[in-house]
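# Structural description and commentary
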Amino acid sequence: MEKRSFDTLIIGAGGGGLRAALQLAQAEARVAVVSKVFPTRSHTVAAQGGVNAALANVLPDNWHWHMFDTVKGSDYLGDQDAIEYMCRAAPRAVYELEHFGVPFSRLDTGKIYQRAFGGQSRDFGGDQAVRTCAAADRTGHAILHSLYQQNIRARTHFFDEYFAIELLQNQAGYFLGAVAMNIASGEPLLIEAKTTILATGGVGQLFRTNTNALVNTGDGMAMALRAGIPLQDMEFFQFHPTGVAGKGMLITEGARGEGGYLLNGDGERFMERYAPNAKDLASRDVVSRAIATEVREGRGVGANRDHVLLKLDHLGADIVSKRLPGIRDMVRTFLHIDPADTPIPVYPTAHYTMGGIPTDRHGQVVVPVQQGAEEPVPGLYAVGECACVSVHGANRLGGNSLLDILVFGRAAANHVIEHLKQQRYHQPIPADALEPALQRLARWNRQGKGESIAGLRAQLTKTMEDHCGVFRNEEVLQEGQNAVLALRERLREATIDDHSQVFNTARIEAMELENLMDVALATVSSALARRESRGAHSRIDYPERDDQQWLRHSLFNLDPMKMDYKPVRMQPLTVDSFPPKKRTY
Amino acid sequence: MNELARVRWKCRRGMLELDLLLGQFVGHGYHQLDPAQRAEFDRLLDYPDTVLLEWLLGRIRPTEREIVRLVDKIRAAAAP
């Protein structure tokens, strides 16, 4: 097998991976970035909102208020040391981006424009704050392209259209790089590295209806799981109540804000039953659960009664065009209907993965050691949506995900740079370290008749939507876990027809499904185990938050399959802890 | 070289909207294109995601005639 050597291997070329790569390349480290698609087609490009930073350009603000909002938003499951670190580092992260060429929108004064977002307050829960910096409605795109250009200039080495197969580690548990496959040629490549950073993003593709790009299959999370690393807090998945049914694209809350409302299959305005006062403007989780309940109880719309309708036509074409132009374009393009005339089929859509690979605030992957405290895993880091630092806890605030990737991409790189000073040479790679990767590659060369990958994937995502979506109780989740375990067994017997080498995308899709299966098991198992409602994890059989028992992080281990727990880091770096309070807005 | 597979992988984008529109087109309309149009489609895929999104959602009309034709075909192939 061909071999290449680098100081640091980064898997994933979204904002987190590229921010880390840039910091390393500028420090003269030899850094390689592996990406299964061309880097500027990473999912960061879809982030429209912006980056939170207490710049106080519009209204008074400071990082401590931002920290309070983030802790409260996390429903007190976020680690307060990491949150303090992130909020303090935010202004610098934004100024650095400006320096890299991100064209932030401006105020008349020339300062960076900031907009108001939900969940942001002044003075620890007071009036609305104005904290989100944006480059029009394409902040993610601007960040990704600027970072990519800077990396090209800094001579980061890119392996474009390479798919990471498996991580490498030695007997002592030290991570040594990865085996990747050149998608164009089908050839495997051994990438040896003193440090490896996982930056593969979230896993929205677990659910049939989701807002994520197809690439978001949790590849890094699954590789970590198979390498013996647990996944943390996977039960926390952010859903939006209104996605286009069967497709997933988000329809902003603005549609209901303008007077749109939901109808079931009987033509009933059902939100009046679930939230007599707020009705269609009730909080996201209430609306999401109400839609899922209507469908479960047979009051859905359509041939399969599997969605409800969002009615906007009573608003008139004028209002729909003026106030909701983006929705009108999108619905016309995809559904060939005009929302000004015809209601839109909608269903809750999966959006953001709060959980992931457990790390400390330096991006080092950490695992519990026997009964004791956790320790860093030598040579392995994770940043961004694939990681769980944990700054988002049980629920992420808008504007904090881009901030997360920038701050912790940089922090991880700085830690790696210090580490590289001690780690001057590559450690030998034992022959058996390659075995898991080789087996995984060989497995899909198997001939014969088996179930199709597309069919199994459809069953998995439907199972996750029905059994681990917004409607959760013991029975539904237990059925879901059993179903995922059964599907995972069936995948072992599946085969693909195409055994060619060149651009064999069938093989990539098969390996992506293996990754989804492992992460699905982590997600449904963690949700089954957590018998409380907190943030995005809402159990109808345990509707209250239970700090006595559950103010702790979940850890799911794959082999052997078991749950483990660790305390939330309630102690910030320099300020007083924010103790848990009831979360009301 | 497996040309169709290469193009299909190039249709993996950073946004769900583009994945759906381009994926559907490669599955249905692409095989009807002549070699010159296929080369044009390949070139279309070199544009950034944000530009493709504006064109394919019909928000902005591309200036090049060849691109306009392709964009119309892709939009027509978007099955409800």
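What counts, and at which threshold
Residues numbered from 1 in each chain as written. Chains lettered and ligands numbered in written order. Predicted model: local features only at pLDDT ≥ 70, side-chain atom pairs only at ≥ 80, totals over all residues. Heavy atoms only, no water. Salt bridge = Lys/Arg side-chain N within 4 Å of Asp/Glu carboxyl O. Helix = DSSP H or I, 4+ residues; strand = E, 2+ residues; numbered from the N terminus. Buried < 20%, exposed > 50% of the residue type's maximum accessible area, 1.4 Å probe, protein only. Pairing = 2+ DSSP bridges. Domains from an automatic or database assignment. Contact = heavy atoms within 4.5 Å. Buried area = accessible area lost by both parts, 1.4 Å probe. Polar contact = N/O pair within 3.5 Å; in protein donor to acceptor, adjacent residues only side chain to side chain. Nonpolar A, V, L, I, M, F, W, Y, C, P; charged D, E, K, R; others polar.

## Let's talk about the pattern of salt bridges
Once the charged atoms of two side chains with opposite charge are near each other, the side chains can pair. All names here are of chain A. Counted by the stated rule, this structure contains 59 salt bridges over all chains. Taking the shortest distance from any N to any O, the salt bridge between aspartate 518 and arginine 226 comes out at 3.1 Å. Taken as a pair, aspartate 518 in helix H15 (residues 505-529) and arginine 226 in helix H5 (residues 219-226) lie far apart in primary sequence, 292 residues in all. A relative accessible area of 28% means that arginine 226 is categorised as partly exposed. Between arginine 488 and aspartate 518 there is a salt bridge, with the nearest N and O atoms lying 2.8 Å from each other. Taken together, the positions of arginine 488 in helix H14 (residues 474-493) and aspartate 518 in helix H15 put the pair 30 residues apart, joining distant regions of the chain. The two residues arginine 488 and aspartate 518 agree in class, both being buried. Because the salt bridges share partners, they merge into one network encompassing Asp75, Glu235, Arg530, Glu532, Arg534, Arg545 and Asp547.

## A few points about the pairing of strand S8 (residues 175-182) of chain A
All names here are of chain A. Within S8, 8 of the 8 residues are buried, which leaves the element mostly enclosed by the surrounding structure. Counting the residues between successive antiparallel strands, the hairpin from strand S7 (residues 162-169) to S8 contains 5 residues, one of them, glycine 173, with a positive phi of roughly 85°. Summarising the sheet, S8 and strand S9 (residues 188-198) pair through 5 bridges and their orientation is antiparallel. When the bridges of S9 are listed, methionine 181 appears paired with proline 188.

## Comments concerning the domain arrangement of chain A
Residue and element names in this part refer to chain A. If you check the domain split of chain A, you get domain 1 (241-348) and domain 2 (434-544). Just the C-alpha atoms count here: the centres of domain 1 and domain 2 sit 29 Å apart. In this complex, domain 1 contributes 7 residues to the contact, which on the side of domain 2 involves 7 residues. When domain 1 packs against domain 2, close to 640 Å² is buried across both sides, 63% of that on carbon and sulfur atoms. Looking only at domain 1, the three residues that lose the most surface to domain 2 are Arg289, Arg296 and Tyr347, adding up to 68% of its buried area. Applying the counting criterion to the domain 1 and domain 2 interface returns 0 salt bridges. Where domain 1 packs against domain 2, one counts 1 residue pair in polar contact (both at pLDDT 80 or more). A total of 5 residues in the side of domain 1 that touches domain 2 trace back to one element, the largest contributor, which is helix H8 (residues 284-296). Here the residues of the side of domain 1 that touches domain 2 sort into 3 nonpolar, 2 polar and 2 charged.

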